[in-house]
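Summary of structural features
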Amino acid sequence: MVIKKIQENPLPGATQMEPDKPKDLPQSAPKTTVTGPTSRFSFPSLTKTPPNELYRKLLPAILFVLTFVTVMTMLLIYMDTVALGAQQFRLNMSRDYQLARIPAESATLVAYVRQLHLAPRPPKSPPPVPSITDRVEVLDKLYGEIYNGTFVEFMPRGGREPTTAYLETVRDWRGVVVRAAPRDFLALRGTASALNACLSPTTHPSQVSYKEPESSGISFSSPVLCLPLYTVLLAADAATADYALIAGDSAPAALTHLPFNEPSVRLQVIEFRSTDMSARNRTTEFLLGKNYTVAAEFRDGVMYALKK
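Residues numbered from 1 in each chain as written. Predicted model: local features only at pLDDT ≥ 70, side-chain atom pairs only at ≥ 80, totals over all residues. Heavy atoms only, no water.

Each helix and strand in the chain was counted, giving 9 helices and 11 strands. Split by element, the accessible area of the chain, about 20800 Å² in all, is 59% carbon and sulfur. (Helix = DSSP H or I, 4+ residues; strand = E, 2+ residues; numbered from the N terminus. Areas by Shrake-Rupley, 256 points an atom, 1.4 Å probe, with all protein chains shown as cover.)

And the structure:
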């Protein structure tokens, strides 16, 4: 009995043993999600991205770089091509070309001049009736008043010659007016055919750079086709012209290349317009040997007539 009581009444100070409980582990703080403005462009994480996913994300950037490089390369090539073309154009504008393989009587050259370069420039309004000139009076003394004749006016620059203008307007002559200066060529008006060309001193055509001064003192150059006199006569159907007026430094040499022995070439009157006495004497000596005679002398030229 004594033992039983001891078991029922534990000693004071003794703590009652409780079954073992799991110790409380420290709990981690709850994850908080921070929300804020997101950037439009994000860079992919390259450390933990699978290869296929990495390639898929980098493909747009690679394509952009390749496209940019291709476009810039094509642009640079185009700019270089344009610059070389402009340089070549300026070089061609300032370079002379001698077309020595093309003879003056070439049918292709004659057709080219006739179809592409010869064209009338009719006036916008009827021109005033010109007055008779001293050259026309000489022609009348030699052959009488001729109507429906043919003339050739080949000068480097200047406006219409009053003599041919009178013959064209009053006596219904036809012909061709040639000017080397581009501005003077554009100012030509009349029923005669106009041609922008210079007189070639050789038997073949060429292309030269013609310098025309500006009013402000600045000159510009433009390519002009130089043609033999025989080519122009054939293209204008004026190989048997009644009156041929030529001027310029190349005129004496150009006359020497005319085939005067050809029956198809018969210029009734030739006037050489020049104030150079040396050139006039050389031309006179040459034409006297081609069955011409001096019909009249003027301050600025000499007129020669074909002997009967």
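Past the structure itself, the notes keep going.
What follows deals with the layout of surface pockets. Empty pockets left among the atoms are what a rolling probe the size of a water molecule brings to light. Taken as a whole, the largest pocket spans an internal volume of roughly 300 Å³. Lining the largest pocket are 16 residues, with Pro156, Ala180, Cys198, Tyr210 and Ser250 positioned closest to its centre. Secondary-structure elements contributing two or more residues to the lining of the largest pocket are β3 (150-155), β5 (190-199) and β6 (206-213). In terms of residue count, the dominant contributor to the lining of the largest pocket is β6 (3 residues). Taken together, the residues that form the lining of the largest pocket break down as 11 nonpolar, 3 polar and 2 charged. There is about 220 Å³ of room inside the second largest pocket. Pro127, Glu168, Thr169, Arg189 and Gly190 are the residues nearest the centre of the second largest pocket, which is lined by 13 residues in total. Those elements that provide at least two residues to the lining of the second largest pocket are α5 (162-170) and β5. With 3 residues, the single largest contributor to the lining of the second largest pocket is α5. Split by residue class, the lining of the second largest pocket holds 6 nonpolar, 4 polar and 3 charged. (1 Å grid on protein atoms, 1.4 Å probe; cavity = no way out; pocket = protein on both sides within 12 Å on 5 of 7 lines; lining within 4 Å. Points joined across faces, edges and corners; volume = space filled by probe spheres on them. Nonpolar A, V, L, I, M, F, W, Y, C, P; charged D, E, K, R; others polar.)

This part is about a nonpolar patch on the surface. Judged by side-chain polarity, Phe64, Val65, Phe68, Val69, Met72, Leu75, Leu76, Tyr78, Met79 and Val82 come together as a nonpolar surface patch covering roughly 1000 Å² of accessible area. Looking at the secondary structure, you find Phe64 in helix α2 (residues 51-93). When its relative accessible area of 59% is taken as the criterion, Phe64 is described as exposed. (Patch = residues over 30% accessible without salt bridge, like charges linked within 9 Å, V, L, I, M, F, W, Y side chains within 5 Å. Salt bridge = Lys/Arg side-chain N within 4 Å of Asp/Glu carboxyl O. Buried < 20%, exposed > 50% of the residue type's maximum accessible area, 1.4 Å probe, protein only.)

Any pair of aromatic rings gets described here by the distance separating the centres and the angle formed by the planes. Using the criterion set out here, one finds 3 aromatic pairs in the structure. Ring geometry for Phe64 against Phe68: centres 6.5 Å apart, planes inclined by 20°, an arrangement best described as stacked. Linking Phe64 with Phe68, this pair stays in helix α2, spanning 4 residues, or about one helical turn. Here the aromatic residues Phe260, Phe286 and Tyr292 are joined through ring pairs into a cluster of three or more. (Phe/Tyr/Trp six-rings, centres within 6.5 Å; stacked < 30°, edge-to-face > 60°.)

What follows covers the UniProt feature "transmembrane region" (unreviewed entry) in the chain. Mapped onto this structure's residue numbering, the UniProt feature "transmembrane region" (unreviewed entry) falls at residues 58-79. The straight-line gap between the two end C-alpha atoms of residues 58-79 is 32 Å; of that span, 100% is helix and 0% is strand. (UniProt positions renumbered as here; feature names shortened; annotations may be inferred.)

Another point: α5. Those residues of α5 that fall on the buried side of the exposure criterion are Thr163, Thr164, Ala165, Tyr166, Leu167 and Glu168. Among the structural elements, α4 (134-143), β3, β5 and β8 (243-247) are those in contact with the buried residues of α5. You can read the cap of α5 off the contacts: a side-chain oxygen lies 2.8 Å from the backbone nitrogen of Thr163, and it is on Glu161. Just past α5, the residue Asp172 takes up positive phi, approximately 60°. (Contact = heavy atoms within 4.5 Å. Polar contact = N/O pair within 3.5 Å; in protein donor to acceptor, adjacent residues only side chain to side chain.)

Our next topic: the pairing of strand β4 (residues 174-179). Along any regular strand the residues' side chains alternate between the sheet's two faces. Buried residues dominate β4, accounting for 5 of its 6 residues. Bridging between β3 and β4 involves 6 bridges; their strand directions are parallel. Each bridged residue has a counterpart across the sheet, and for Met155 the counterpart in β4 is Arg179. For the segment spanning β3, α5 and β4, crossover handedness is right-handed. (Pairing = 2+ DSSP bridges. Right-handed = clockwise from strand over helix to strand, strands pointing away.)

Moving on to unusual backbone geometry. Unlike most non-glycine residues, Asn148 shows phi in positive territory, near 60°. The backbone phi angle of Asp172 is positive, close to 60°, even though this residue is not glycine. Along the chain, Asp172 turns up in the loop between α5 and β4.

Next up on the list: the confidence of the model for the chain. Considering every residue of the chain, the mean pLDDT works out to 82; 77% of them sit at 70 or more. The model gives residues 1-7 a pLDDT under 50, and that stretch makes 0 contacts with residues more than four places away or in other chains. Segment residues 13-17 is flagged for pLDDT under 50; beyond a separation of four residues in sequence, or across chains, it makes 0 contacts in the model. (pLDDT = per-residue confidence, 0-100.)

Scanning the model with the defined rule gives 1 cavity of 30 Å³ or more in all. Of the pockets and cavities examined, the largest cavity occupies roughly 50 Å³. For the largest cavity, the full set of lining residues is Arg121, Arg160, Val177, Leu188, Arg189, Gly190, Ala192, Ser193 and Ala194. If you tally residues by element for the lining of the largest cavity, the top one is β5, at 4 residues.

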